[in-house]
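Remarks on the overall topology
Spelled out, the chains give:
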Amino acid sequence: MANPPHLAILGAGIFVRTQYLPRLAEISDLFVLKAIWSRTEESAREAVEIARKHFPGVEYKWGDKGLDEIIQDESILGVAVVLAGQAQVDISLKLLKAGKHVLQEKPAAASASEIETALSSYKSIYANSPGQPIWAVAENYRFEPAFVECKKLLAEIGDMMTVEVIVEGSMNSANPYFSSSWRRNFTGGFILDMGVHFIAGLRMVVGCEVISVSAMTSHVDKTLPPPDNISSVFQLENGCSGVFVMVVSSRSPKILWRVVGLKGTLQVDRGSQDGRHGYVVSFYGADGICKSTFYPFSGVTEELKTFIHDISQANLKKGSSYEAEPRISFVEGARDVAVLDAMLESGMKNGALVQVKKF
């Protein structure tokens, strides 16, 4: 690219080191990584040491002073905010007010009410002028080729009869995120933090919104924050209903989405093939014959590419409004949270029917 955009990353934790830096390295010709920031000098420096193999010019910044330097650096066009869930919204809004485009890690916020406040702040930033900075939420499931393909196949299964989402996770002491303190002090714990992915997958596959839920929650594994289990019935706006079952930590991990239609069935399973992790999409036609295709994971790379493309285009069209890819919009991430927020609320009310907040 002639003038690649300059980016900064806020956060230097596990996900930045194991996902952001390797995935960004795959597309390093598309942008310049200017800085990595952390609260402490030590973690910022360690992340920069990893990053320098691919981004020799990257600098480390830390603390309030380092954050201010990033905010005031006019050459930095976009910032990835990969911080504790409790801190992300406030820092994202601070960056947006400074005119930076933001790619914020999921979940979009801790609750539907926090989202309402955040969205009204965002709208007020540039209420009367076009060219509002892009506020994106990193939801790689919307960019996974398996889900993109499913969306195309949906029409072939005919009228939808039922939907099942089964998530048996593996969040135990062997998982690097298990002891992450912010997730343990987060409303909804791992159910909200992990669950937004599975709701994003559900909304992507069925192509419509969840309008109401009834759920039961429980807390069985005391090494995990509550709740660690949820069983919910949900209603889609197309009139179809379904079930969402999530166990945070199971001895036999399994993740699948299944849509049963009048003419066929569509299923997405998490799995691996030839040492690569990804999803198997199975399509059962009217003849009962199953066609399966494996799609390796590539959603994180695709969403990062999309964000870089969008901020470059928005920069070219400065002063006029630019329509960013809807799959990474903050509102999409907000809708995932709203579904889980309603499920958790229903769980606290012993399964009472709760309407999902619309955004």
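All of these numbers come straight from a predicted model, not from anything done at the bench.

1. Some points on helix α9 (residues 299-316)
With 18 residues, α9 should reach 26 Å at 1.5 Å per residue; the first-to-last C-alpha distance of 26 Å fits that figure. Inspection of α9 places Gly299, Val300, Thr301, Glu303, Leu304, Thr306, Phe307, Ile308, Asp310, Ile311, Ser312 and Ala314 among the buried residues, and these make up the whole buried set. Looking at the packing, one finds that the buried side of α9 touches β1 (6-10), α1 (14-26), β4 (76-81), β5 (101-105) and β6 (135-138).

2. Things to note about the environment of Tyr20
Here Tyr20 is to be found in helix α1. Since its relative accessible area comes to 0%, Tyr20 is described here as buried. For the pair formed by Tyr20 and Val300, sequence separation is 280 residues and the distance between their alpha carbons is 8.0 Å. In contact with Tyr20, other than residues within four places in its own chain, are Phe15, Ala80, Val82, Leu103, Glu105, Ala138 and Leu304. Engagement of the side chain of Tyr20 in a polar contact is seen with the side chain of Glu105, the distance being 2.8 Å.

3. Considering the sheet that holds strand β8 (residues 210-218)
Read from one edge of the open sheet, nine strands run β14-β13-β12-β11-β7-β10-β9-β8-β15, paired in mixed fashion. Strands with a single pairing partner mark the edges of an open sheet, and in this sheet they are β14 (290-296) and β15 (354-355). Strand direction decides the pairing type here: β8 and strand β9 (residues 229-236), joined by eight bridges, are antiparallel. Paired with Val213 across the two strands is Phe234, which belongs to β9.

4. Notes on the environment of Cys150
Locating Cys150 in the fold gives a position in helix α6 (residues 145-153). Counting along the chain gives 178 residues from Cys150 to Ile328, while the straight-line C-alpha distance between them is 18 Å.

5. Focus on the nonpolar core
Counting residues in each nonpolar core, the largest one holds 81 residues, and the members touching the most others are Leu10, Phe244, Trp257 and Met343. By residue number, the principal contributor to this core is helix α8 (residues 189-206), which donates 12 residues. In terms of domain composition, this core takes at least three residues from each of domain 1 (6-139 + 300-329) and domain 2 (141-297 + 337-355). Dropping the residues within four chain positions of it, Phe244 is found in contact with Val165, Phe198, Ile199, Ile230, Ser231, Ser232, Phe234, Leu340 and Met343. Core analysis: the second largest hydrophobic core is formed by 31 residues, Tyr20, Ile27, Phe143 and Leu304 among them.

6. What to know about the side chain of Glu332
Of note, Glu332 is situated in helix α10 (residues 330-348). Setting aside anything within four residues of it in sequence, one finds Glu332 in contact with Arg142, Arg203, Pro326 and Arg327.

7. Some words on the domain arrangement of the chain
When its domains are assigned, the chain resolves into domain 1 (6-139 + 300-329) and domain 2 (141-297 + 337-355). Taking the mean C-alpha position of each, domain 1 and domain 2 sit 27 Å from one another. Carbon and sulfur atoms supply 63% of the area buried between domain 1 and domain 2, which totals about 1,800 Å² over both sides. Taken together, the links from domain 1 to domain 2 amount to one salt bridge. In this structure, Lys106 engages Asp193 in a salt bridge whose closest nitrogen and oxygen atoms are separated by 2.9 Å. Our count for the contact surface shared by domain 1 and domain 2 stands at six residue pairs in polar contact (both at pLDDT 80 or more). Those elements that provide at least two residues to the side of domain 1 that touches domain 2 are α1, α5 (112-125) and α9. In terms of residue count, α9 provides more of the side of domain 1 that touches domain 2 than any other element does, four residues in total. Here the residues of the side of domain 1 that touches domain 2 are counted per class, giving 11 nonpolar, five polar and six charged.

Conventions we followed
Residues numbered from 1 in each chain as written. Predicted model: local features only at pLDDT ≥ 70, side-chain atom pairs only at ≥ 80, totals over all residues. Heavy atoms only, no water. Helix = DSSP H or I, 4+ residues; strand = E, 2+ residues; numbered from the N terminus. Expected span 1.5 Å × (residues − 1). Buried < 20%, exposed > 50% of the residue type's maximum accessible area, 1.4 Å probe, protein only. Contact = heavy atoms within 4.5 Å. Polar contact = N/O pair within 3.5 Å; in protein donor to acceptor, adjacent residues only side chain to side chain. Pairing = 2+ DSSP bridges. Core = buried A, V, L, I, M, F, W, Y, C linked by side-chain atoms within 4.5 Å. Domains from an automatic or database assignment. Buried area = accessible area lost by both parts, 1.4 Å probe. Salt bridge = Lys/Arg side-chain N within 4 Å of Asp/Glu carboxyl O. Nonpolar A, V, L, I, M, F, W, Y, C, P; charged D, E, K, R; others polar.

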